[in-house]
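Structural features, examined
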Amino acid sequence: MYFVAIVLVFTALISVIFTKAYESDSTSSYKTFLEEQVKIIAERMQQYVISNDLDSYLAYMEMLEDSLNADVWVFSNKSSKSPMNSDLENINITDSEMSKETKQVLNQAYLGNSIITSGFNSIRDESVITIGAPIYEEEQSEEVVGAVLLLAPIQEIQDTNYNIKMMFVVSVIIAMLIAFVFAAIFARKLSLPITRIKKTTKELADGTYDISTNIIEKNEIGELAASVDKLADRLKENEVQRNYMEQMRKDFFSNISHELRTPITVMRAYLESLLDGVVSEEKVIPYYNRMLAECTGMQRLVQDLLLLSKMENPDFTIELEPVNIVQVFDDIVRSYRVICSKKNITIELDTDTDCCFINGDYDRIRQVFLAILDNAIKFSNSNSTIYIKVRTLDNIIISIRDEGVGISEENITHIFDKFYTKKQPNNQNGSGLGLVIAKEIVKKHHGSIEVSSEVGKGTTFVLRFTKILLDESYL
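Model, not experiment: these values are computed from the prediction. (Residues numbered from 1 in each chain as written. Predicted model: local features only at pLDDT ≥ 70, side-chain atom pairs only at ≥ 80, totals over all residues. Heavy atoms only, no water.)

What follows concerns the environment of Asp 402. With respect to the helices and strands, Asp 402 occurs in the loop between strand E9 (395-401) and helix H9 (409-412). The exposure class assigned to Asp 402 is buried, which follows from its relative accessible area of 7%. Here the alpha-carbon distance between Asp 402 and Phe 461, two residues 59 residues apart in the chain, equals 9.1 Å. If we skip the residues at most four places from it in the chain, Asp 402 touches Ala 376, Ser 380, Thr 385, Ile 386, Lys 457, Gly 458 and Thr 459. (Helix = DSSP H or I, 4+ residues; strand = E, 2+ residues; numbered from the N terminus. Buried < 20%, exposed > 50% of the residue type's maximum accessible area, 1.4 Å probe, protein only. Contact = heavy atoms within 4.5 Å.)

The relation between two aromatic rings is expressed through the spacing of the ring centres and the mutual angle of the planes. Applying the stated rule across the entire model yields five aromatic pairs. Seen from their ring centres, Tyr 48 and Tyr 57 are 6.0 Å apart, and the 75 degrees between their planes marks the pair as edge-to-face. (Phe/Tyr/Trp six-rings, centres within 6.5 Å; stacked < 30°, edge-to-face > 60°.)

The strand order E1-E4-E3-E2 describes an open sheet built from four strands, whose pairing is antiparallel. Strand pairing shows two members of the sheet lacking a second neighbour, strand E1 (71-76) and strand E2 (116-121), which therefore form its edges. Each strand of the sheet is rotated relative to its neighbour by a mean of 30 degrees, with strand direction disregarded. As defined by bridge partners, strand E3 (residues 126-136) adjoins strand E4 (residues 144-153) across nine bridges and the pair is classed as antiparallel. Opposite Tyr 136, over in E4, you have Val 144 as the bridge partner. Running at roughly 145 degrees to E4, helix H3 (residues 100-110) makes contact with E1, E2, E3 and E4 of the sheet. (Pairing = 2+ DSSP bridges. Axes fitted to C-alpha atoms, helices over the stretch in contact; angles between N-to-C directions.)

What follows deals with the sheet that holds strand E6 (residues 346-351). If you walk across this open sheet you meet the five strands as E6-E8-E9-E11-E10, and the pairing is mixed. Across the chains shown, the open sheet's two edge strands, defined by having one partner strand only, are E6 and strand E10 (448-454). For this sheet, the mean inter-axis angle between neighbouring strands, taken without regard to orientation, is 10 degrees. Bridging between E10 and strand E11 (residues 458-466) involves seven bridges; their strand directions are antiparallel. If you follow Ile 449 over to E11, its bridge partner there is Leu 463. Lying on the sheet, helix H7 (residues 325-341) is in contact with E6, strand E8 (385-392) and E9; it crosses E6 at an angle near 170 degrees. The sheet strands contacting helix H8 (residues 362-378) are E8, E9, E10 and E11, and the helix crosses E11 at an angle near 170 degrees.

All right, on to the pairing of E4 then. Among the ten residues that make up E4, ten are buried, leaving the element largely enclosed by the rest of the structure. Here E1 runs beside E4; their pairing, made up of six bridges, is antiparallel. If you follow Val 74 over to E4, its bridge partner there is Val 148.

Relative orientation of the contacting elements H8 and helix H10 (residues 434-444) amounts to 145 degrees, with a least axis distance of 9 Å. In this structure, H8 crosses over H10, and the sense of that crossing is left-handed. From H8, Arg 364, Gln 367, Val 368, Ala 371, Ile 372 and Asn 375 reach across to H10, where they touch Gly 434, Leu 435, Ile 437, Ala 438, Ile 441 and Val 442. When grouped by side-chain class, the residues that make up the contact of H8 with H10 number eight nonpolar, three polar and one charged. (Left-handed = near helix turned anticlockwise from the far one by under 90°. Nonpolar A, V, L, I, M, F, W, Y, C, P; charged D, E, K, R; others polar.)

Moving on: H7. In a regular helix each residue adds 1.5 Å, so 17 residues correspond to 24 Å; H7 covers 24 Å between its end C-alpha atoms and thus fits that length. A bend of about 35 degrees at Ser 335 is the largest found in H7. Among the residues of H7, Ile 325, Val 326, Val 328, Phe 329, Ile 332, Val 333, Tyr 336 and Cys 340 are the ones counted as buried. The N-cap of H7, judged by a side-chain oxygen 3.2 Å from the amide nitrogen of Val 326 a few residues on, is Asn 324. (Expected span 1.5 Å × (residues − 1). Bend = angle between axes of the 7 residues up to and from the residue. Polar contact = N/O pair within 3.5 Å; in protein donor to acceptor, adjacent residues only side chain to side chain.)

These figures come from the coordinates and say nothing about function on their own.
Structure representation (structure tokens):
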């Protein structure tokens with residue numbers, strides 16, 4: 001509505017200015033026309049003064065009366081040395097009967113000047129424009145023998161201006177109506193999407209993120225609507241992520257309470273038995289050993305949780321340095337020979353180079369491979385083989401494959417869930433956080449980890465890291 005009001009005020013202002021300008025211009029043009037006419041009449045009267053042709057004069061005056069909507073008054077200058085013939089005068093009027101403006105124009109005409117005035121004329125009983133011109137004795141003479149006054153009614157020009165003004169008023173009203181209609185249409189077209197955007201933002205503020213403005217326009221409103229839709233999508237994603245994280249938090253604390261409940265219950269039972277004195281002396285030491293084992297398990301669980309919390313913190317950074325992957329596996333294979341010998345498991349390391357480097361933390365990278373190999377050994381059958389391949393292409397690709405029991409398709413999607421491996425019967429001593437921590441470490445090294453498995457045939461982990469090139473002097 002503000003826009004409509006501005007348009008209406010602006011249109012009215014322009015109309016007033018244009019009307020005033022037209023009135024001024026038309027009045028000025030009318031006065032110029034009268035000046036030209038009175039000069040022409042004065043020159044013609046000079047000819048009649050010279051020729052003293054009364055018949056032609058009377059015919060001319062009759063023609064003027066028919067053609068001009070004005071009075072032509074002809075006066076003889078009595079104060080002239082040779083005033084024109086009084087028969088050429090067409091009006092008999094005394095000074096007292098003349099208006100002040102008429103006297104002024106007549107006196108100036110006698111002096112050889114042509115001026116124009118306007119005012120009320122009592123003889124015509126109306127307002128008139130009066131303009132005079134001198135009548136000279138001869139063409140080159142300066143002797144003013146008479147004067148011509150032209151009295152034109154002001155009402156004529158006023159009527160013309162009024163008609164023009166009314167035409168403008170009607171035009172302005174029509175223009176305003178058209179402007180109002182177009183402004184109303186434009187305002188509605190503008191207000192509808194804004195109202196829809198307002199409604200959408202209110203829904204977003206109330207927590208309803210599955211909503212869209214459904215506005216597609218190639219203008220600023222369309223860009224605003226697109227931004228609101230994008231905000232709705234982001235909020236929806238954040239809501240899904242928040243719900244997921246909330247569920248993860250609940251599951252996490254549920255799992256923590258479950259994992260701590262068992263060792264605490266066991267330790268309480270042992271302590272109560274020891275305090276009640278129902279334990280024989282030969283069983284005291286095994287009771288202490290079992291309680292120590294439970295404490296060690298809880299300590300390991302807490303340490304893994306602290307490490308996982310640190311890895312999941314986006315502000316946590318790892319100090320990176322060149323790490324030789326082949327050297328890491330050589331170290332691991334030597335360390336795991338004793339463990340593998342218990343189940344007669346063989347580890348085959350196949351590399352296509354002696355040195356392939358990544359930017360990383362040696363201990364963290366070693367922890368990743370240890371977690372994967374630890375699970376491979378636990379879930380592999382006796383007298384089996386674990387295959388480790390390191391290939392250097394655009395990236396460093398590491399494959400660790402075992403010949404164990406494998407993982408079903410239903411469970412493989414949860415392989416990196418917290419406490420998942422704890423649910424397996426072959427992993428009673430683990431915290432269930434090894435693979436979760438391993439994945440977070442890989443992410444901190446800007447790498448990737450994938451897993452594939454087939455029940456009864458084994459599981460394969462594939463890791464990819466960005467390769468770096470070092471000078472020979474470093475090697």
